[in-house]
Amino acid sequence: LSSYGSRKIVKKGKLMDFTSTVIIPLLFGSLGIFAVFRLLQWMRMRAYLQEAVVVITGATSGLGKECAKAFHAAGCKLVLCGRDSEKLKDLVQQLSTMTNHQKNTHKPHTVVFDLSDTKTVLNGAEEILKYLGHVDILINNAGISFRGTIVDTGLDVDKKVMETNYFGPVALTKALLPSMIKRRQGHIVAISSVQGKISIPFRSAYAASKHATQAFFDCLRAEVEQYDIDVTVISPGYIQTNLSLNAVTADGSRYGVMDKNTAEGQTAAEVAQVVLNAVGQKKKEVLVAGLTPSLAVYLRNFFPRLFFTLMATRAKKERKAKDS
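As annotated in an unreviewed UniProt entry, the protein carries the name Dehydrogenase/reductase SDR family member 7B and comes from Geococcyx californianus. For the record of the protein, the UniProt heading Function (unreviewed entry) holds the text "Putative oxidoreductase."

Pasting the structure below:
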């Protein structure tokens, strides 16, 4: 062999030795450390959620129902809230069938109130504290959507959406907050929306309510940190629920249409697992959206002029499709 060929073989051998003695052990070691970290994270999350008193609003359908299933399976003591007592009873029955396959689960308690009625919200909060004494985790999930042009929408419709999506959760949070501060323990979760960060044409009342939600809970997070209370804001994109079907229109009537984007969105069960993990890991904020909504948030923050142009184009296109 030539001297060049010999040197090449020697270098190749050294490289293989380096790979086998350094790179591969380092790689497996890193994977091992990561696996241990994830295991510890999972154990800590499980310990945090086990036996925790969790209040979920809007629990009878969509994301709220799937959250109820996820937190129930995690061993939480649930307080399921909604407007329909019969649907709440049905949900408790469904969860009881899960109890046969899950250890350390608890029979949920139900509380009936309407988020758009502040008086019933306060009565509901009083009942929750009277029954369980405290709340560890509050999940403000219930909400209503909107479809319509601003010029045609009556102010009463704007108020209705704001009462349900903003003032209701705020009232419930304020009613339960003093007990959390007293215990120096608690976790408040707001299910907001991508539309709490960006505004889409013909969604004015909904986007406004979610922008307000984002702002309120951002302020709350800063103010209650001194009491060791956590605040998490979850901002989903499109979810396969009846949100668009039950949306109100400009005249207050039911929209009754399943939007294409909603039908093609993430499943409520998938998003519920994200919520569970976010709460267990005490994350401050989570954006649960696909590439396009995430990109829209990025454009709104860093290239607002381009974002506004795209939204104006979208408005023209939707208006044309509606008129045709």
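## Description of a nonpolar patch on the surface
Where nonpolar side chains cluster on the molecular surface, the patch consists of Leu295, Tyr298, Phe302, Phe303, Leu306 and Leu310 and spans about 600 Å² of accessible area. Tallying contributions element by element places helix H9 (residues 291-302) first for the nonpolar patch, with three residues. Residue position: Phe302 is located in helix H9.

## As for the packing of H9 against helix H10 (residues 304-323)
Where H9 meets H10, the axes come as close as 5 Å, and the angle between the chain directions of the two elements is 125 degrees. Compared by their axis directions, H9 and H10 come out oblique. When H9 is examined against H10, the residues Ala296, Leu299, Arg300, Asn301 and Phe302 are found in contact with a partner set consisting of Pro304, Leu306, Phe307, Phe308 and Leu310. Per-class residue counts for the contact of H9 with H10 are eight nonpolar, one polar and one charged.

## Structural notes on the side chain of Asn141
By the element assignment, Asn141 lies in the loop between strand E4 (137-140) and strand E5 (146-147). Sequence-distant contacts of Asn141, defined by excluding residues within four places in its chain, comprise Thr57, Gly58, Leu63, Gly64 and Ile191.

## Some details on the packing of helix H4 (residues 118-132) against helix H5 (residues 155-183)
Look at H4 against H5: their axes get within 9 Å of each other, and the N-to-C directions meet at 35 degrees. Considering the relative orientation of H4 and H5, their crossing is right-handed. Along its contact with H4, which presents Thr118, Val121, Leu122, Ala125 and Leu129, the element H5 presents Glu163, Gly168, Ala171, Leu172, Ala175, Leu176 and Ser179. Class assignment of the residues belonging to the contact of H4 with H5 gives a composition of eight nonpolar, three polar and one charged.

## Focus on the nonpolar core
Val54, Phe71, Leu78 and Leu80 are the most contacted members of the largest nonpolar core, which has 33 residues in total. Where this core is concerned, the elements lending two or more residues are strand E1 (53-56), helix H2 (62-73), strand E2 (77-82), helix H3 (85-99), E4, strand E6 (186-191), helix H8 (268-280) and strand E9 (285-288). By residue number, the principal contributor to this core is H8, which donates seven residues. Sequence-distant contacts of Leu80, defined by excluding residues within four places in its chain, comprise Ile56, Ala59, Ala68, Leu88, Leu91, Val92, Leu95, Pro108, His109, Thr110 and Val111. The next biggest cluster of nonpolar side chains, apart from the first, holds 30 residues, and it includes Leu115, Phe217, Ile229 and Val231.

## Looking at the sheet that holds E4
With respect to topology, seven strands assemble into an open sheet ordered E3-E2-E1-E4-E6-E7-E9, the strand pairing being parallel. Both edges of this open sheet fall to strand E3 (109-112) and E9, since each of them pairs with a single strand only. Strand-to-strand twist of the sheet, defined as the mean angle between neighbouring strand axes without regard to direction, takes the value 15 degrees. Note: E6 against strand E7 (residues 229-236), six bridges, orientation parallel. If you follow Val189 over to E7, its bridge partner there is Thr232. Along the sheet, H4 makes contact with E1, E2 and E3, crossing E3 at roughly 160 degrees.

## Here's the deal with the packing of aromatic side chains
Summed over all chains, the structure comprises six aromatic pairs. When the centroid spacing of 4.9 Å and the interplanar angle of 40 degrees are considered together, the rings of Tyr298 and Phe302 count as tilted. Taken together, the positions of Tyr298 and Phe302, both in helix H9 and four residues apart, correspond to about one turn of that helix. Considering the side-chain rings of Tyr298 and Phe303, the 6.1 Å spacing of their centres and the 55 degrees angle between planes classify their relative orientation as tilted. Assessed through its relative accessible area of 42%, Tyr298 is described here as partly exposed. Counting every residue linked through ring pairs, the aromatic cluster contains Tyr166, Phe167, Phe216 and Phe217.

## Here we look at the pattern of salt bridges
Oppositely charged side chains can pair when the atoms bearing their charge come close. Throughout the structure, instances matching the rule amount to nine salt bridges. Note that Glu66 and Lys69 form a salt bridge whose closest N and O atoms lie 3.4 Å from each other. In this pair, Glu66 and Lys69 are both assigned in helix H2, three residues apart and thus about one turn of the helix distant.

Cut-off values and rules
Residues numbered from 1 in each chain as written. Predicted model: local features only at pLDDT ≥ 70, side-chain atom pairs only at ≥ 80, totals over all residues. Heavy atoms only, no water. UniProt positions renumbered as here; feature names shortened; annotations may be inferred. Patch = residues over 30% accessible without salt bridge, like charges linked within 9 Å, V, L, I, M, F, W, Y side chains within 5 Å. Areas by Shrake-Rupley, 256 points an atom, 1.4 Å probe, with all protein chains shown as cover. Salt bridge = Lys/Arg side-chain N within 4 Å of Asp/Glu carboxyl O. Helix = DSSP H or I, 4+ residues; strand = E, 2+ residues; numbered from the N terminus. Axes fitted to C-alpha atoms, helices over the stretch in contact; angles between N-to-C directions. Parallel < 35°, antiparallel > 145°, perpendicular 65-115°, else oblique. Contact = heavy atoms within 4.5 Å. Nonpolar A, V, L, I, M, F, W, Y, C, P; charged D, E, K, R; others polar. Left-handed = near helix turned anticlockwise from the far one by under 90°. Core = buried A, V, L, I, M, F, W, Y, C linked by side-chain atoms within 4.5 Å. Buried < 20%, exposed > 50% of the residue type's maximum accessible area, 1.4 Å probe, protein only. Pairing = 2+ DSSP bridges. Phe/Tyr/Trp six-rings, centres within 6.5 Å; stacked < 30°, edge-to-face > 60°.

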